[in-house]
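# A look at the structure
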Amino acid sequence: MTASIKRIGLICTLLILAACQSLITPHTETVIADTRCECADLVVRQPDETIAKTPVCPAAATASRTPTAGASKAKIINDLLVIGRVENVTLLPGNTRLKARIDTGAGLTSLNAQALVFFERDGASWVRFSVPTEVAGKVVTLEKPVKRYVNIKQHSGESQRRPIVEISLKLGAIEEPTDASLADRSAYLYPLLVGRNFLRDRAMVDVSTKFTIPSRQR
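Residues numbered from 1 in each chain as written. Predicted model: local features only at pLDDT ≥ 70, side-chain atom pairs only at ≥ 80, totals over all residues. Heavy atoms only, no water.

### Quick look at the packing of aromatic side chains
Using the criterion set out here, one finds two aromatic pairs in the structure. Measuring from centroid to centroid gives 6.3 Å for Phe118 and Tyr149, while their planes differ by 40°, and the two rings are tilted. Highlighted residues: Phe118 in strand S8 (residues 114-121) and Tyr149 in strand S11 (residues 148-153), separated in sequence by 31 residues. Judged by its relative accessible area of 31%, Tyr149 is partly exposed. Residues Phe119 and Trp126 carry aromatic rings whose centres are separated by 6.4 Å and whose planes lie at 35° to one another, so their mutual orientation is tilted. The ring of Trp126 has Arg121 sitting right over it, with the charged end atom 4.4 Å from the ring centre. In this arrangement the basic side chain of Arg161 is found over the ring face of Tyr149, its NZ or CZ atom lying 3.7 Å from the centre. (Phe/Tyr/Trp six-rings, centres within 6.5 Å; stacked < 30°, edge-to-face > 60°. Helix = DSSP H or I, 4+ residues; strand = E, 2+ residues; numbered from the N terminus. Buried < 20%, exposed > 50% of the residue type's maximum accessible area, 1.4 Å probe, protein only. Lys NZ or Arg CZ within 6 Å of the ring centre and 35° of its normal.)

So, in structure tokens, the structure goes:
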């Protein structure tokens, strides 16, 4: 009986000591927090001691170390120049800079031409026309042989007969002659519309951007 009482007393003493120890030594628990990468729907699990650090997206980290094309270098993909939906294009000769809408939905390029005068030269049909520039009051006068005519159907339902001439355009590293219809585009925001006949096999369009060509390459 005495031995049993002593054994019970020893067990109680051990229990009390264990309880006291748990109060003295704090319990350590690793908390897992969810932090999301901003560029992907990916949950990155990190211990609580690293929560203060901003999660870095691997793609963003790579981009931060890679020089962007931006203002110093044109972007090329599969040998095609990447351009925006609006660009500064140079009309040659004369280096006349025009703001152009890049339209992959248009098959033919169109140029704002004013004061058209048709005449014959060496038995061929020619046209003299003026191209307004970005400088107020300044125009460039050109004379071109008429290659053919096209009928352009307007939104109103009426058809408009336009002459087609060959012009030379420079867009970044691309400098090529192309057919263009001559039209009064004074009511439009951009005096030049660049169509597929100039873009084909030369450029691709990123519609989310504008004016991507560095100024020194225009």
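### Comments concerning the pattern of salt bridges
Throughout the structure, instances matching the rule amount to nine salt bridges. Arg121 is the salt-bridge partner of Glu143, the closest N and O atoms lying 2.8 Å from each other. Highlighted residues: Glu143 in strand S10 (residues 139-145) and Arg121 in strand S8, separated in sequence by 22 residues. For Glu166, the salt bridge identified is with Lys147, shortest N-O distance 4.0 Å. (Salt bridge = Lys/Arg side-chain N within 4 Å of Asp/Glu carboxyl O.)

### Some remarks on the pairing of strand S4 (residues 80-84)
Of all five residues in S4, five are buried; the element is thus mostly enclosed. Of the two faces of S4, the one lined by Leu80, Val82 and Gly84 and the one lined by Leu81 and Ile83 are each fully buried. Of the strand pairs in this sheet, strand S3 (residues 76-77) and S4 are connected by two bridges, and their pairing is antiparallel. Bridging from a neighbouring strand, Ile77 pairs with Leu80 of S4. What sits between the antiparallel neighbours S3 and S4 is a turn of two residues, in which Asn78 has the positive phi angle 50°. Looking at chain direction, S4 and strand S15 (residues 203-206) are connected through four bridges and run parallel. Counted as the bridge partner of Leu81 is Ala203 from S15. (Pairing = 2+ DSSP bridges.)

### Concerning the layout of surface pockets
Here the largest pocket defines a volume of roughly 480 Å³. Residue lining of the largest pocket: 19 residues in total, with Ile152, Arg162, Arg185, Tyr188 and Leu193 positioned closest to the centre. Put simply, the parts of the chain that give the lining of the largest pocket at least two residues each are S11, strand S12 (159-171) and strand S13 (174-183). Looking at the lining of the largest pocket residue by residue, the classes come out as eight nonpolar, six polar and five charged. (1 Å grid on protein atoms, 1.4 Å probe; cavity = no way out; pocket = protein on both sides within 12 Å on 5 of 7 lines; lining within 4 Å. Points joined across faces, edges and corners; volume = space filled by probe spheres on them. Nonpolar A, V, L, I, M, F, W, Y, C, P; charged D, E, K, R; others polar.)

### Section: the pairing of S12
As a general feature of sheets, a regular strand has side chains that alternate between the two faces. As judged from the three bridges shared by strand S5 (residues 86-92) and S12, these two strands associate in the antiparallel manner. The residue of S12 that forms the bridge with Leu92 is Ser168. Note: S11 against S12, six bridges, orientation antiparallel. Residue pairing in the sheet places Val150 in a bridge with Arg162 of S12. Taken together, S11 and the strand that follows it, S12, pair antiparallel across an intervening segment of five residues, in which Gly157 is found at a positive phi of about 100°. Connecting S12 to the antiparallel partner S13 that follows it, the hairpin turn spans two residues, and Gly172 within it adopts a positive phi of roughly 60°.

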